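Structural overview
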Amino acid sequence: MHGAVARAQQLLNLSNRQDRDRAIDAAAMKHMTQKLPQFDAATIGIAGKVALITGGGRNIGRAVALTLAGAGALPVVLYHEDKKTAQSVCDEITAAGGRAGLVQADIGDIAQCQAAVKKVAAEFGDIDILINNAAIRPHSKISQITPAEWDRVMAVNLRAPFF
């Protein structure tokens, strides 16, 4: 465990935002390269269920969207800025014969969260499964985080899943 904590501190203290993001993404992808379990839709009972996945365009969110689609659910990928990456997840699902949806919203904004939920319900049906996966991290060293950055992190990581 001590090694994992030290590595996390190294990643957070990288001063270059792009280097830090690449290092964190590479670490996440290392764990995601393991074969995902395959589920029998009849066994877990989610065939036809609508699943809203915040941050479903990459990393863990992507893996969850693909896994749920493989079990017969209809994942709706909610993204904030990177439509191309989120769309690629939906394209992968539909290419495999599944159904998927795409919705844009800034989940740090309560009004946008509420509008996204209404849009999903109108286009795909009631939400049966909610995966609160989206999260952000400050792009400053810990000692240099501003109150505004901290408020944004709290809005996305803690407040959004509640509202």
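1. A few points about the overall build of the protein chain
When helices and strands are counted, the protein chain shows 7 helices and 4 strands. The linear arrangement of helices and strands in the protein chain, starting from the amino end, is α-α-α-β-α-β-α-β-α-β-α. Burial status across the protein chain gives 33% buried among its 163 residues. Summed over its atoms, the accessible surface of the protein chain is roughly 9900 Å², and 56% of this surface lies on carbon and sulfur atoms.

2. A look at the environment of cysteine 90
Mapped onto the secondary structure, cysteine 90 falls in helix H5 (residues 83–95). Along the backbone, cysteine 90 and alanine 65 are 25 residues apart, and their C-alpha atoms lie at a distance of 8.5 Å. Filtering out sequence-adjacent residues up to four positions away, cysteine 90 remains in contact with Val77, Ala100, Gly101 and Leu102.

3. Examining the layout of surface pockets
Counted as a void, the second largest pocket has a volume near 210 Å³. Sorting the residues of the lining of the second largest pocket by element identifies strand E1 (50–54), helix H6 (110–124), strand E4 (129–132) and helix H7 (147–162) as the ones contributing at least two each. No other element matches H6, which puts 4 residues into the lining of the second largest pocket. Tallied by class, the residues present in the lining of the second largest pocket amount to 12 nonpolar, 3 polar and no charged.

4. A word on the nonpolar core
General note: in soluble globular proteins, nonpolar side chains tend to be found buried as a group. Counting residues in each nonpolar core, the largest one holds 17 residues, and the members touching the most others are Ile46, Ala65, Leu68, Val77, Val89, Ile93 and Leu102. In this structure, alanine 65 is in contact with Ile53, Gly56, Pro75, Val77, Val89 and Ile93, ignoring residues within four places of it in sequence. In this structure, Val50, Leu74, Ala105 and Val156 belong to the second largest nonpolar core, which totals 14 residues.

The rules behind the values
Residues numbered from 1 in each chain as written. Predicted model: local features only at pLDDT ≥ 70, side-chain atom pairs only at ≥ 80, totals over all residues. Heavy atoms only, no water. Helix = DSSP H or I, 4+ residues; strand = E, 2+ residues; numbered from the N terminus. Buried < 20%, exposed > 50% of the residue type's maximum accessible area, 1.4 Å probe, protein only. Areas by Shrake-Rupley, 256 points an atom, 1.4 Å probe, with all protein chains shown as cover. Contact = heavy atoms within 4.5 Å. 1 Å grid on protein atoms, 1.4 Å probe; cavity = no way out; pocket = protein on both sides within 12 Å on 5 of 7 lines; lining within 4 Å. Points joined across faces, edges and corners; volume = space filled by probe spheres on them. Nonpolar A, V, L, I, M, F, W, Y, C, P; charged D, E, K, R; others polar. Core = buried A, V, L, I, M, F, W, Y, C linked by side-chain atoms within 4.5 Å.

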